[in-house]
Amino acid sequence: MSKFNFILVFVLLLYGCEVAAQKETTGKISHTEQQVKPYYQRINDQIDSFTERPLYCIKVKRACVGCDIRVNDFPIIQQFEKRCSGTEMEFPLNPGILSSGIQELTIRIVPPSDQKCIPENAVFEFEINKMPDSWVYDGNREIILPTVKMDAQGLPSWEFKTKFKAEVPFSFVAWKESQDLSKVKNLDKLLDDAYKKIAKIIEDKNIEEFVKIISKTFEYNVMLYERTEGKPNGFQEEPEKLLPMKNCKIALYGNNRLARYEDEEFESCFKFEVFLKNNEKTVYEYPLYFHLPQGASELEVVR
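It should be emphasised that the depicted structure is a prediction, and the values quoted were computed from it without experimental measurement.

Conventions adopted
- Numbering of residues begins from 1 in every chain and follows the order in which that chain's sequence is written.
- Whole-chain, interface and lining totals are the exception, using all residues; otherwise, since this is a predicted model, local features are given only for residues with pLDDT of at least 70 and side-chain atom pairs are given and counted only at 80 or more.
- Only hydrogens and water are set aside; all other atoms, that is, all heavy atoms of the structure, feed into the side-chain values.
- Pairs of cysteine sulfur atoms within 2.5 Å are identified as disulfides in what follows.
- Under the scheme used here, helices are H or I runs from DSSP no shorter than 4 residues and strands are E runs no shorter than 2 residues, and both carry numbers assigned from the N terminus.
- Remark: nonpolar core denotes a set of buried residues (Ala, Val, Leu, Ile, Met, Phe, Trp, Tyr, Cys) joined through side-chain atoms within 4.5 Å.
- Only protein chains enter the accessibility calculation, which uses a 1.4 Å probe; a residue whose area is less than 20% of its type maximum is buried, one above 50% is exposed, and one in between is partly exposed.
- Here, a salt bridge means any side-chain nitrogen of Lys or Arg that lies within 4 Å of a carboxyl oxygen of Asp or Glu.
- In the analysis that follows, any N or O atom pair within 3.5 Å is treated as a polar contact, provided that within protein one partner can donate a hydrogen and the other can accept it, and provided that, for residues neighboring in sequence, both atoms belong to side chains.
- Throughout, a contact is declared for two residues whenever any of their heavy atoms are within 4.5 Å.
- Helices are assigned an expected span. That span is 1.5 Å times one less than the residue count.
- By arc we mean the arc of the directions from the helix axis to the C-beta atoms, nothing more.
- Here, any two strands with at least 2 DSSP bridges between them count as paired.
- Between N-to-C directions, angles span 0 to 180 degrees; the directions come from axes that are lines fitted to C-alpha atoms, helices contributing only their stretch in contact.
- Centre distance within 6.5 Å is the pairing criterion for rings of Phe, Tyr and Trp, where only the six-membered ring of Trp is used; planes under 30 degrees apart are then read as stacked, over 60 as edge-to-face, and the remainder as tilted.
- What pLDDT conveys is the predictor's confidence in a given residue, as a value from 0 to 100.

*Asks:* Looking at this structure, how should I read the state of the cysteines?
*Replies:* Here is the idea: a disulfide is a covalent bond, and it sits between the sulfur atoms of two cysteines. All chains considered together, the criterion is met by two disulfides. Each disulfide pairs two cysteine sulfurs, and for Cys 64 the partner residue is Cys 84, the sulfurs being separated by 1.4 Å. The sign of the 55 degrees torsion about the S-S bond sets the Cys 64-Cys 84 disulfide as right-handed. Here the residue Cys 64 occupies a position in the loop between strand S2 (55–63) and strand S3 (66–71), and Cys 84 occupies one in the loop between strand S4 (74–79) and strand S5 (86–92), the gap between them amounting to 20 residues.

Structure below.
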């Protein structure tokens, strides 16, 4: 995993909801109420309106392999090994689930970067389960897909696809109706322009404009039922300097409706260097995803 500190999207959301317009969900909160109340109360009211808060998860056990796990082509886990190591973790799938219905899970397993084939001692297995209520930590799980074990030692990669049904109390359009970015000829220029715009906002520490840019990411909070207790602090005092985007490529997700620049380790290339008061250097990564709404001429942050 990266040595860089992550600024996670669901943290950015706390800013985004300040100006977010009311989105279509199953929460019964009126438009007027949503506009009058502060953003954190609007989030909380929407989440509190749900009678159920199901959380779909994937439980993974792996050793000596890297993995790229997606739901509806949205990245859930992207971990790639430089050496042989192992881990056992559970990750929420809800960020890739935009509404109830059939969801597609895709998994790609690759060997460590210093090997050409999956080693004999490699392990990868997973299950999909559901917490009936993400706020109740009683260990209760409904098994959606029983444990699947990889049997691909000696092969250059292993892929697995399946579908499962999910029932969630929210429904978001997000990028589903956005333009197919694989057909946009000037996508590189659009990405360059979008990153430059946000970079200036961050370097200028323009919180109000930053809030507007990332406002649509508030959906992430609702998907994970993440209540917030109040307005967070803004940018740190020290200047942030955009790092050069070296060895980066355009990566498409969400069935070609999402795009960003990322490196060979599948990390966002949008990183800033900060020298703190103790002269310690820190690098922050902004893992943003862009889409192009129908009729739009500029990319917008959606995750």
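*Asks:* Looking at this model, I keep getting lost on the nonpolar core. Mind explaining?
*Replies:* If you look at soluble globular proteins, the nonpolar side chains tend to sit buried side by side. Within the largest apolar cluster, 47 residues are counted, with the highest numbers of intra-cluster contacts made by Ile 58, Phe 124 and Phe 126. In terms of nonpolar packing, the next biggest core, distinct from the first, is built from 28 residues, Cys 269, Phe 272, Leu 292 and Leu 299 among them.

*Asks:* I'm lost on the pattern of salt bridges in this one. Help?
*Replies:* In a structure, side chains of opposite charge can pair up when their charged atoms sit close to one another. This model, assessed by the stated rule, comprises 16 salt bridges. The shortest N-O distance in the salt bridge between Asp 48 and Arg 227 comes to 3.0 Å. Of the two residues, Asp 48 sits in helix H3 (residues 39–48) while Arg 227 sits in the loop between helix H6 (219–223) and strand S10 (240–242), which places them 179 residues apart along the sequence. Residue classification places Asp 48 among the partly exposed residues on the basis of a relative accessible area of 35%. Of the charged contacts in the structure, one is a salt bridge between Lys 271 and Asp 263, with a shortest N-O distance of 3.8 Å.

*Asks:* What's the story with the side chain of Arg 53 in this structure? I'm lost.
*Replies:* Of note, Arg 53 is situated in the loop between H3 and S2. Within the structure, Arg 53 has its side chain in polar contact with the backbone oxygen of Ile 47 (distance 3.5 Å). Setting aside its immediate chain neighbours within four residues, Arg 53 contacts Ile 47, Asp 48, Met 131, Pro 132, Asp 133, Ser 134, Trp 135 and Tyr 225.

*Asks:* Just to check I follow, could you spell out helix H4 (residues 187–203) for this structure?
*Replies:* Three or four residues apart is the spacing at which side chains of an α-helix point the same way, because the helix has 3.6 residues per turn. Over its 17 residues, H4 extends 24 Å from the first C-alpha to the last, a length consistent with the 24 Å expected when each residue adds 1.5 Å. Turning to H4, its buried residues are Leu 187, Leu 190, Leu 191, Ala 194, Tyr 195, Ile 198, Ala 199, Ile 201 and Ile 202. Relative to the axis of H4, the buried residues are bounded by an arc of 165 degrees and lie together on one face. Exposed and facing more than 90 degrees away from the buried side of H4 are Lys 196 and Lys 200. Positioned one or two residues after H4, Lys 205 has a phi angle of 55 degrees, which is positive.

*Asks:* Explain unusual backbone geometry to me, please; I cannot follow it from the model alone.
*Replies:* The phi angle of most residues is negative, glycine excepted, and most peptide bonds adopt the trans form. For Asn 255, which is not a glycine, the phi torsion comes out positive at approximately 55 degrees. The topology assignment puts Asn 255 in the loop between strand S11 (249–253) and strand S12 (258–262). Phi angles above zero are rare outside glycine, and Phe 266 is one such case at about 65 degrees. Among the secondary structure elements, Phe 266 is positioned in the loop between S12 and strand S13 (271–275).

*Asks:* In this structure, what is going on with the sheet that holds strand S6 (residues 101–110)? I would like to understand it.
*Replies:* The four strands are arranged S4-S3-S6-S9 in an open sheet whose pairing can be described as antiparallel. Lying at the two open borders of the sheet, with one neighbouring strand each, are S4 and strand S9 (158–166). Strand-to-strand twist across the sheet, computed as the mean angle between neighbouring axes with direction ignored, equals 15 degrees. Sheet analysis places S6 next to S9, joined by nine bridges and oriented antiparallel. Across the sheet, Leu 105 pairs through a bridge with Thr 162, a residue of S9.

*Asks:* What exactly am I supposed to notice about the sheet that holds S5 here?
*Replies:* Hydrogen bonds between backbone groups are what pair the strands of a sheet, and the pairing can be parallel or antiparallel. Pairing in this open sheet of four strands is antiparallel, and the strands run S5-S2-S7-S8 from one edge to the other. Each of the sheet's edge strands pairs with one partner strand only, and the pair in question is S5 and strand S8 (142–149). Sheet twist, expressed as the average angle between the axes of neighbouring strands with direction ignored, equals 10 degrees. Strand direction decides the pairing type here: strand S7 (residues 123–131) and S8, joined by five bridges, are antiparallel. Across the sheet, Asn 129 pairs through a bridge with Ile 143, a residue of S8.

*Asks:* Looking at this structure, how should I read the packing of aromatic side chains?
*Replies:* How two aromatic rings sit relative to each other is given by the distance of their centres and the angle of their planes. Tallied over the entire structure, the rule returns 20 aromatic pairs. Aromatic side chains Phe 170 and Phe 172 sit 5.7 Å apart centroid to centroid with 25 degrees between the ring planes, which places their arrangement in the stacked category. Between Phe 210 and Tyr 286 the ring centres are 6.4 Å apart and the planes differ by 80 degrees, which places this aromatic pair in the edge-to-face class. A residue pair is termed long-range when its members are at least 10 positions apart, and Phe 210 in helix H5 (residues 207–213) and Tyr 286 in the loop between strand S14 (281–285) and strand S15 (290–291) qualify at 76 residues.

*Asks:* What am I meant to see in the confidence of the model for the protein here?
*Replies:* Low pLDDT marks stretches whose predicted atomic positions should not be read closely. With 85% of its residues at a pLDDT of at least 70, the protein reaches an overall mean of 85. Below a pLDDT of 50 lies the segment residues 1–34, which in the model reaches 83 contacts outside its immediate sequence neighbourhood of four places, other chains included.

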